[in-house]
Amino acid sequence: MGSYGRLAARALDTDVPVMVKLAELSKSAKDAVPLGQGAVYWQPPEQALDRVKHVALEISTSRYGTHEGLPELREALLHKLSQENKLSKSSVMVTAGSNQGFLNLVLSLCDVADSVVLFAPYFFNAYMSFKMTGINNILVGPSDPMTLLPDAEWLENTLSDTKPVPKLVSIVNPGNPSGICIPEPLLKIAYSLEADGLLTQLLKVQDNVAICTSMISQHVALYCLESGREWVQSKVKSLERNKELLRDALSPLGEEAVKGGEGAIYLWAKLPETCLDDIEVVCWFARRHGLLLLPGSACGTSGYVRITFGMLREEECEVAAKRLRNGVEELIRDGTVE
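Residues numbered from 1 in each chain as written. Predicted model: local features only at pLDDT ≥ 70, side-chain atom pairs only at ≥ 80, totals over all residues. Heavy atoms only, no water.

**With respect to the overall build of the chain**
- Regarding its fold elements, the chain presents 14 helices and nine strands.
- Computed over the C-alpha atoms, the radius of gyration of the chain is 21 Å, within 12% of the 20 Å expected from 2.2 N^0.38 for a compact globule of 338 residues.
- Projected onto the principal axes, the alpha-carbon positions of the chain cover approximately 60 × 55 × 50 Å.
- Classification of the 338 residues of the chain by burial places 41% in the buried group.
- Taking all contacts inside the chain whose residues are at least 6 apart in sequence as the whole, residues at least 24 apart take part in 73%.
- On the chain, roughly 18600 Å² of surface is accessible, and the fraction owed to carbon and sulfur atoms is 52%. (Helix = DSSP H or I, 4+ residues; strand = E, 2+ residues; numbered from the N terminus. Rg over C-alpha atoms; globule rule 2.2 N^0.38 Å. Buried < 20%, exposed > 50% of the residue type's maximum accessible area, 1.4 Å probe, protein only. Contact = heavy atoms within 4.5 Å. Areas by Shrake-Rupley, 256 points an atom, 1.4 Å probe, with all protein chains shown as cover.)

**Brief notes about the sheet that holds strand 9 (residues 304–308)**
- Ordered by their spatial adjacency, four strands build an open sheet running 5-6-9-8, and the pairing between neighbours is antiparallel. Only two strands of the sheet have a single partner each, and these edge strands are strand 5 (258–260) and strand 8 (294–295).
- Here five bridges tie strand 6 (residues 266–270) to strand 9, and the two strands are oriented antiparallel to one another. What sits directly across from A269, in strand 9, is V305. (Pairing = 2+ DSSP bridges.)

**Focus: the packing of helix 12 (residues 240–250) against helix 14 (residues 314–334)**
- Where helix 12 contacts helix 14, the two axes come as close as 8 Å, and the packing angle between them is 10°. By the angle between their axes, helix 12 is roughly parallel relative to helix 14. The segment helix 12 lies against helix 14, with R241, N242, L245, L246, D248, A249 and L250 engaging E314, C317, E318, A321, L324, R325 and V328.
- Grouping the amino acids of the contact of helix 12 with helix 14 by side-chain chemistry returns eight nonpolar, one polar and five charged. (Axes fitted to C-alpha atoms, helices over the stretch in contact; angles between N-to-C directions. Parallel < 35°, antiparallel > 145°, perpendicular 65-115°, else oblique. Nonpolar A, V, L, I, M, F, W, Y, C, P; charged D, E, K, R; others polar.)

**Let's talk about the pattern of salt bridges**
- In total, this model carries 14 salt bridges according to the counting rule given.
- In this structure, the salt-bridge partner of E84 is R229, at a minimum N-O distance of 2.9 Å. Of this pair, E84 sits in the loop between helix 4 (71–83) and helix 5 (98–109) while R229 sits in helix 11 (residues 229–237); the two residues are 145 residues apart in sequence, bridging distant segments of the chain.
- R325 is paired through a salt bridge with E329; the nearest N and O atoms lie 2.9 Å apart. (Salt bridge = Lys/Arg side-chain N within 4 Å of Asp/Glu carboxyl O.)

**Describing the sheet that holds strand 3 (residues 137–141)**
- If you trace the three strands from one edge of the open sheet to the other, you get 3-2-4, paired in parallel fashion. The open sheet has two edge strands with one neighbour each: strand 3 and strand 4 (168–169).
- In this structure, strand 2 (residues 115–119) lies alongside strand 4, joined through two bridges in parallel fashion. Bridge pairing links V117 to V169 in strand 4.
- Across the sheet, helix 6 (residues 124–132) lies against strand 2, strand 3 and strand 4, angled at about 165° from strand 2, the strand it touches most.
- The sheet contacts of helix 7 (residues 152–161) involve strand 2, strand 3 and strand 4, and relative to strand 2 the element is tilted by about 180°.

**Regarding the layout of surface pockets**
- Size it by volume and the second largest pocket reaches roughly 320 Å³.
- Lining the second largest pocket are 20 residues, and of these V16, V18, K21, P295 and A298 lie nearest its centre.
- Elements that contribute at least two residues to the lining of the second largest pocket include exactly helix 2 (18–26), helix 6 and helix 13 (278–289).
- Here the lining of the second largest pocket is composed, by residue class, of 14 nonpolar, two polar and four charged. (1 Å grid on protein atoms, 1.4 Å probe; cavity = no way out; pocket = protein on both sides within 12 Å on 5 of 7 lines; lining within 4 Å. Points joined across faces, edges and corners; volume = space filled by probe spheres on them.)

**What about the nonpolar core?**
- Ranked by size, the top nonpolar core spans 48 residues in total, and within it L246, L250, F285, I307 and L324 carry the most contacts.
- For this core, the elements supplying multiple residues, two or more each, are helix 2, helix 12, strand 6, helix 13, strand 7 (291–292), strand 9 and helix 14.
- A total of six residues in this core trace back to one element, the largest contributor, which is helix 14.
- Counting residues in hydrophobic clusters, the runner-up holds 16 residues, among them L109, A120, L168 and L198. (Core = buried A, V, L, I, M, F, W, Y, C linked by side-chain atoms within 4.5 Å.)

**With respect to the packing of aromatic side chains**
- Counting across every chain of the model gives seven aromatic pairs.
- Plain terms: the ring middles of F119 and W154 are 5.4 Å apart, the flat faces sit at 75° to each other, and that makes the pair edge-to-face. Here the residue F119 occupies a position in strand 2, and W154 occupies one in helix 7, the gap between them amounting to 35 residues.
- Judged by its relative accessible area of 6%, F119 falls in the buried class. (Phe/Tyr/Trp six-rings, centres within 6.5 Å; stacked < 30°, edge-to-face > 60°.)

Written as structure tokens, this is what we have:
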């Protein structure tokens, strides 16, 4: 084993990030089109980028900020949550992305011996956060195969029957990777979070992970919020055609095989019964058709792929959809033969 044995077991037991695997796979694919990564094609509003140029020259931008985040940004986020999302009892801490925010919560709430709950298909980074912090009692609940909604009855039974009660239930809404919106009644089953002193513990973690989020990024975020919901809606609307193109490309799989696209930029597709090795299928699509898809097994559900329709402009998506249609038809007809 040599020096390999010096590495932490919790790190070794954590899978290599699927996005790292996709990045490696892209090197073997000519002109690969990204349909696997959860991102959008647009930049922040032009006025936000223009304003931040001046902030870049300020001395404070190169220094540490407050741990919780830029005060003006936190105030703007609280206003947004109250006015647009009707959430009036919120508190805000700015983190370097949602993954760091989730990790902050795991480190502040969970001990190694605790149990936690996920629903398959789950967000792969949530599973990784648990494994990397030594939490192995991960209770993976089922989702309805037709709606992809988490099984509410299973959750209620698990929360009432498991002793001690699971410390944390992780649900992404709108769903990642499912692309499905989860209704409010289900969310309320596990919504209550009362933990005295939580903010203090979060500040401890924040200080050791990032201290504070990049100051220039926080200013960009503030200026983006000032651009308003209308700007976001106009960009989201531009993705409707992408979703239609990719749904049509996947249609040979059957109407019930493709879910999602409800508020999130993801489609969740069931592979043919003859080709359920999603890792093999993803590698085949990359090599033969120049498409990067995300394997469902990374989300705890083999035999599926996640497809993102947010990364491409419409003209790029038309090219991707043609490749995807050709690939799906060939997969159904011949399998992963090359």
